[in-house]
Amino acid sequence: MAVTLAFAGCAVGPKFKSPEVAVPSAYIYDSVASRGDTVVNLTWWDSFGDPMLSGLIIQALDSNRNLAVAASRIEQARLQLKMARAEFGPSVGLGVRGEGTYTDRTKIVQQYSIEPNISWEIDLFGKLRRTAEAARAQMLATEQNYRSVMLSLAAEVATTYFNLLQYDMSLRISRETYELRKSSQDIIDSMVYYGMSSAVDQEQAKSLTATAAAAIPQYERAKVQTEMALCALLGQNPHPFDVDGTRLFTSVLVPTEVPAGLPTSLLDRRPDVRQAYYQVAAATANVGVAVANRYPSVTLTGEGGLLSSTLKGLFHGNPFGWSASLSIAEPLFAWGRNKRAVEVAQEENRQAILNYEQSVITALGEVESALAGVATYRSQVERYRELLRATRTTQMLTQELYRNGSNTYLDVLDAERELFSTQISFSEVLSAQLAEYVSLYKALGGGW
């Protein structure tokens, strides 16, 4: 017992130290870094002002099967931690035995016993303690993985929803353009019939109508495929969604400036970075386990109970007996297996540290990329807004001039094509801008 108490606080192997990484003092493309910490710590999807989007994300967080698997892994890790901690205590059992042996000399010899037993491995060199440390760190890493899955799921739902709005808007533009061009084509057909226009103008009008008609099934297909992808994210059977793509132009809010905070805060906020951090802690503890396996293991064993040569004798007289033992097992020679196990654990620890450093670099790069994307998309949307106004005005003026006989239908053709292309591109840029904000919130680890 004196030896046990003397070594009780000893744990071999390296102690965990937080990996040191070089982090810049500010983001390159954050124009509002002076405002302090980020404001994306809550439900960032509400900043778009779209109740349907918020409802879809909540549904996904409640029903997505991949998220449920990640949650189950947390419970599994907690149970494994309890198993590791249970090794600290003694193991108690009960043995009930009855046997008979026959020989010509002794005839039948009977032996009966009821023996409780206890066994306790004394953690002199910290093997059990390091095992529990590794299990705890792995549990924390699993919790961070769950948060990472939640964040990725919310971001993917938002991006898919914005894509769905864009395809619905493009489909509406295609259908409206087709109806307008079909009406124009009917007018041209009448003018050709009365000799007021040429066959060339008629064929050009048919070309415009066919272009718009061909775009309709393209966006119908894209819309349905996006709806099915959204159903999978929500954990629901396939079904259509009642969405209004015009919300891109009217209702969906473009968030205001999103201060990114300081890069150092990213280390605590990004769940994937935190997961890599705890994996380093687990790998460090596993080195301690491997080192402890090279030291002696000490086990106390005790048993006692009732022993008798007859079943009746177990309950009469004084059949009680007991025994106790202390065993020390020292690994002497295993062809370097235990030493190599330590070296393997050290390499795994090194890999975990490198993985953590890479996760920090990746996180910083994703934030910078998203910040630059948000800034440039804002400018691009404004330019497209101006372009759309100009092309719409050009189209109206060209149509008027053609009716007055001041230009050819080729000019109308070019103006119509430019307007249609600009409308489609503008809806795509609006959707991409919103998706870039989602990328920024995700890169900042927002929402948790």
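Up top you'll find the structure we're talking about.
This write-up is about the structure you can find in this document.

Rules of the game
Residues numbered from 1 in each chain as written. Predicted model: local features only at pLDDT ≥ 70, side-chain atom pairs only at ≥ 80, totals over all residues. Heavy atoms only, no water. Core = buried A, V, L, I, M, F, W, Y, C linked by side-chain atoms within 4.5 Å. Buried < 20%, exposed > 50% of the residue type's maximum accessible area, 1.4 Å probe, protein only. Helix = DSSP H or I, 4+ residues; strand = E, 2+ residues; numbered from the N terminus. Contact = heavy atoms within 4.5 Å. Salt bridge = Lys/Arg side-chain N within 4 Å of Asp/Glu carboxyl O. Expected span 1.5 Å × (residues − 1). 1 Å grid on protein atoms, 1.4 Å probe; cavity = no way out; pocket = protein on both sides within 12 Å on 5 of 7 lines; lining within 4 Å. Points joined across faces, edges and corners; volume = space filled by probe spheres on them. Nonpolar A, V, L, I, M, F, W, Y, C, P; charged D, E, K, R; others polar. Axes fitted to C-alpha atoms, helices over the stretch in contact; angles between N-to-C directions. Parallel < 35°, antiparallel > 145°, perpendicular 65-115°, else oblique. Left-handed = near helix turned anticlockwise from the far one by under 90°. Polar contact = N/O pair within 3.5 Å; in protein donor to acceptor, adjacent residues only side chain to side chain. Phe/Tyr/Trp six-rings, centres within 6.5 Å; stacked < 30°, edge-to-face > 60°.

Turning next to the nonpolar core. Membership of the largest hydrophobic core comes to 77 residues, with the highest contact counts inside it found for Trp44, Phe48 and Phe162. Secondary structure elements with two or more residues in this core: α2 (51-63), α3 (65-86), α4 (127-193), α5 (199-234), α7 (263-269), α8 (271-292), α9 (337-403) and α10 (409-443). Setting aside residues up to four positions removed in sequence, Phe48 forms contacts with Leu53, Phe162, Ser251, Val252, Leu253, Pro255, Leu434, Tyr437, Val438 and Tyr441. Residues Phe125, Ala292, Val298 and Ala345 belong to the second largest nonpolar core, which totals eleven residues.

Enumeration over the complete set of coordinates arrives at 13 salt bridges. A salt bridge links Lys223 to Asp168; the nearest nitrogen and oxygen atoms lie 2.8 Å apart. In this pair, Lys223 sits in helix α5 while Asp168 sits in helix α4, placing the two residues 55 residues apart along the sequence. In the salt-bridge network here, residues are joined through shared partners; they are Asp168, Arg172, Lys223 and Asp244.

Our next topic: α5. The end-to-end C-alpha separation of α5 is 53 Å, in line with the 52 Å expected for 36 residues at 1.5 Å each. Directly after α5, the chain includes Gly235, whose backbone phi takes a positive value near 70 degrees.

A word on α4. Its 67 residues give α4 an end-to-end C-alpha distance of 96 Å, which sits within 8% of 99 Å, the value for a rise of 1.5 Å per residue. Two residues or fewer after α4 comes Gly195, characterised by a positive phi angle close to 75 degrees.

Taken as a whole and assessed by the stated rule, the structure comprises one cavity of 30 Å³ or more. Reported here for the largest cavity is a volume of approximately 30 Å³. Looking at side-chain class alone, the lining of the largest cavity contains eight nonpolar, no polar and no charged residues.

This part covers the packing of α9 against α10. At their nearest, the axes of α9 and α10 sit 8 Å apart, and the two run at 160 degrees to each other. As summarised for this structure, α9 and α10 are arranged roughly antiparallel, according to the angle between their axes. For the crossing formed where α9 meets α10, the hand is left-handed.

Looking now at the layout of surface pockets. Approximately 600 Å³ is the volume found for the largest pocket. If you go around the largest pocket, you meet 29 residues; those closest to its centre are Thr177, Leu180, Gln395, Glu416 and Leu419. Elements that contribute at least two residues to the lining of the largest pocket include exactly α4, α9 and α10. In terms of residue count, α4 provides more of the lining of the largest pocket than any other element does, twelve residues in total. Considering only residue class, the lining of the largest pocket consists of 14 nonpolar, seven polar and eight charged.

Looking at the element boundaries, Arg274 is found in helix α8. Sequence separation between Arg274 and Glu143 is 131 residues; the distance between their C-alpha atoms is 9.5 Å. A polar contact is formed between the side chain of Arg274 and the side chain of Asp268, at a distance of 3.5 Å.

Turning our attention to the packing of aromatic side chains. Counted under the stated rule, the structure contains ten aromatic pairs. Here the aromatic rings of Phe16 and Tyr277 are separated by 5.4 Å at their centres, their planes lie at 85 degrees, and the arrangement is edge-to-face. Remark: Tyr277 occurs in helix α8 and Phe16 occurs in the loop between α1 (2-7) and α2; sequence separation between them is 261 residues. Using a relative accessible area of 33% as the deciding quantity, one classes Phe16 as partly exposed.

A word on the side chain of Arg130. Turning to its location among the elements, Arg130 is positioned in helix α4. Within the local environment of Arg130, its side chain forms a polar contact with the side chain of Glu133, the two groups lying 3.1 Å apart. In contact with Arg130, not counting residues within four places along its chain, are Ala11, Val12, Gly13, Pro14, Lys15, Ala285, Gly288 and Val289.

What follows concerns the environment of Gly100. Along the polypeptide, Gly100 turns up in strand β1 (residues 91-103). Judged by relative accessible area, Gly100 falls into the exposed class, the value being 57%. Sequence spacing of Gly100 and Tyr112 is twelve residues, and the spatial spacing of their C-alpha atoms is 8.8 Å. The contact partners of Gly100, leaving out residues within four places of it in the chain, are Val109 and Gln110.

Honestly, that's just the spatial picture; any functional story needs more than this.
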